[in-house]
Amino acid sequence: MASTATAMASDPPMGPTPFDLEAYIGRYPAGSESRLQRLLFIARKTQDHSELTKQAYVLAERHMRENLNVRCYKDVFGDNTNKGEIVYDAAWVQETELNSQTSMETLEARLSAAQAHLQKEAIRTAYLAIGEFARQRGDLQQALRAVMRSRDYCTNRSQTAHVCLLIIELAMDTKNYPQVHDYVAKAEHSTIPGDTTFPLKLRVASGAANLAQGKFKEAAGQLTSIPNQESISGDTVVSPEDIAQYGTLCGLASLGRNELQRLLDTQASGFLDLVPPLRDALQRYCRADYPGCLRILQELYPSLQLDMILAPHLDKLSETIMHKCCIEYLKPYRKVNLAQMATIFSIPVERLIEMLATLIGSGRIPNARIDCLSQTLERLSEDAILHRRQHDTKKRILAMEQSILNDAHAMMVRVACMENEGTRKSHFVDYMDSDDDDGDEPMELVAAGNPEDVY
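Computed from a predicted structure; not experimentally measured. (Residues numbered from 1 in each chain as written. Predicted model: local features only at pLDDT ≥ 70, side-chain atom pairs only at ≥ 80, totals over all residues. Heavy atoms only, no water.)

(A) Focus on the overall build of the chain. The helix and strand inventory of the chain stands at 21 helices and three strands. Buried positions account for 44% of the 455 residues belonging to the chain. Considering only intrachain contacts with a sequence separation of at least 6, the fraction spanning at least 24 residues in the chain is 61%. When the accessible surface of the chain is split by element, carbon and sulfur atoms take 51% of a total near 24600 Å². (Helix = DSSP H or I, 4+ residues; strand = E, 2+ residues; numbered from the N terminus. Buried < 20%, exposed > 50% of the residue type's maximum accessible area, 1.4 Å probe, protein only. Contact = heavy atoms within 4.5 Å. Areas by Shrake-Rupley, 256 points an atom, 1.4 Å probe, with all protein chains shown as cover.)

Pasting the structure below:
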């Protein structure tokens, strides 16, 4: 499995590939947890690329200071290791923790006062304030608990929808994807007056969660149905570019040609314009230029590896797209020279034969066989397939006929034996041991070769 993915994307070095980190991270809101997590993911993923790693750690440290995220600052920089040449600031940590404790006590006091006066709106607002403060500090579990408690004090559907959206974002940040699906289902029955993008945000969150769980077909169906990039501007989980990227890759892996062509037509001025290379790859696939499509994806592979949600499933996506391209490439032909095909797809012929053998064995390339001596793949003609089916049907009929004859023969033998009491051993022994001569002639045992001889 991994070998096929490696064939498609041979993991070229990241150094020559330009990657504008500031432009990339600028897609996400300044104070969002997703922005920080993506910076730290890039920093850890590019340990061998000092300049990019240093830049990612610098931006992450700036984000932590601006949002007073002491917890994450201590986890990342508190081990006194050289991370982007950033020196651990113990004095800032101590001062910020004291200020944060004072602020939390003030928020908890407001919550207690609201609970004492039984003011539902004040209680809801207090819980949301505590959740937002805990989220900025990096305590995502406390933030999630506070926001979930605030849902009990919502008084209308608009408030419930807003709280569900916050819970979905926190569940994505904590990678609790089943919870994302649960609250998407709950929020679908709520609305925010004047916000026509609310259902689209739910669809995007569900699609991103499906991708994170490796459900490519479900993710493709949800992410490719977003009409335009303005619909989710300001989303803290994914950016418009992410939607185009995730939807295109999942679509190439799971959707049919007609669906992909329809995606090209409907998104002519939509998300696909945000990622021109993937749009070109999709166009090449629809024009049956499969090597060109794979070549573009191979060039994008290093930058795609830096995406926090996409990276764990990138090899599987690459393998699936590679298999799909090979299957589509073989459809018009009855016989293919595998050496030439390997040259076209830029992979070793041995690896291509291994991959095609797997696809044939799984039934994805039916009625085909590989000649390893001549290195060719041959599909059976329609006449040969029909002849094979007729031959198999005839074999099954003959086997059924023989089984029926055997059953009938056995039944006739048993009936003959029962009429002559040959199946009861005790009667047979009594008959042999009997000294009474009543004039009866002893029973003549008949050979069972032909049951009709019994009569």
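Okay, back to it.
(B) A look at the layout of surface pockets. In this structure, the largest pocket encloses a volume near 480 Å³. Lining the largest pocket are 22 residues, and of these Arg27, Gln245, Val275, Leu300 and Ser303 lie nearest its centre. Secondary structure elements with two or more residues in the lining of the largest pocket: helix H2 (21-25), helix H13 (240-254), helix H15 (276-286) and helix H16 (290-304). With five residues, the single largest contributor to the lining of the largest pocket is H16. When grouped by side-chain class, the residues that make up the lining of the largest pocket number 13 nonpolar, three polar and six charged. (1 Å grid on protein atoms, 1.4 Å probe; cavity = no way out; pocket = protein on both sides within 12 Å on 5 of 7 lines; lining within 4 Å. Points joined across faces, edges and corners; volume = space filled by probe spheres on them. Nonpolar A, V, L, I, M, F, W, Y, C, P; charged D, E, K, R; others polar.)

(C) Highlighting the sheet that holds strand S3 (residues 376-379). Sheet architecture is open: three strands sit in the order S1-S3-S2, paired in antiparallel fashion. If you trace the sheet from one side to the other, it starts and ends with strand S1 (335-337) and strand S2 (368-371), each paired once. Averaged over all adjacent pairs, the angle separating strand axes in this sheet is 20 degrees, with direction ignored. Pairing of S2 with S3, which is carried by four bridges, proceeds in the antiparallel orientation. Residue pairing for S3: alanine 368 is matched across the bridge by arginine 379. In the packing of helix H18 (residues 338-345) onto the sheet, the strands contacted are S1, S2 and S3, and the crossing angle to S1 comes to about 65 degrees. (Pairing = 2+ DSSP bridges. Axes fitted to C-alpha atoms, helices over the stretch in contact; angles between N-to-C directions.)

(D) Representation of the packing of aromatic side chains within the structure. With the rule as written, the count across this model stands at 10 aromatic pairs. For the pair tyrosine 24 and tyrosine 28, a centre-to-centre distance of 5.9 Å together with 70 degrees between the ring planes defines the contact as edge-to-face. With respect to burial, tyrosine 24 and tyrosine 28 carry one shared label: buried. Each ring, one from tyrosine 73 and one from phenylalanine 77, has its centre 5.3 Å from the other, and the planes form 50 degrees; the classification is tilted. Highlighted residues: tyrosine 73 and phenylalanine 77, both in helix H5 (residues 70-77), separated by four residues, approximately one helical turn. A relative accessible area of 0% places tyrosine 73 in the buried class. The exposure class assigned to phenylalanine 77 is buried, which follows from its relative accessible area of 3%. (Phe/Tyr/Trp six-rings, centres within 6.5 Å; stacked < 30°, edge-to-face > 60°.)

(E) Representation of H15. For H15, the complete set of buried residues consists of Leu278, Ala281, Leu282, Tyr285 and Cys286. Relative to the axis of H15, the buried residues are bounded by an arc of 135 degrees and lie together on one face. Where H15 is buried, its residues contact H13, helix H14 (257-266), H16 and helix H17 (314-330). Of the residues one or two after H15, alanine 288 is the one with positive phi, at around 70 degrees. (Arc of directions from axis to C-beta.)

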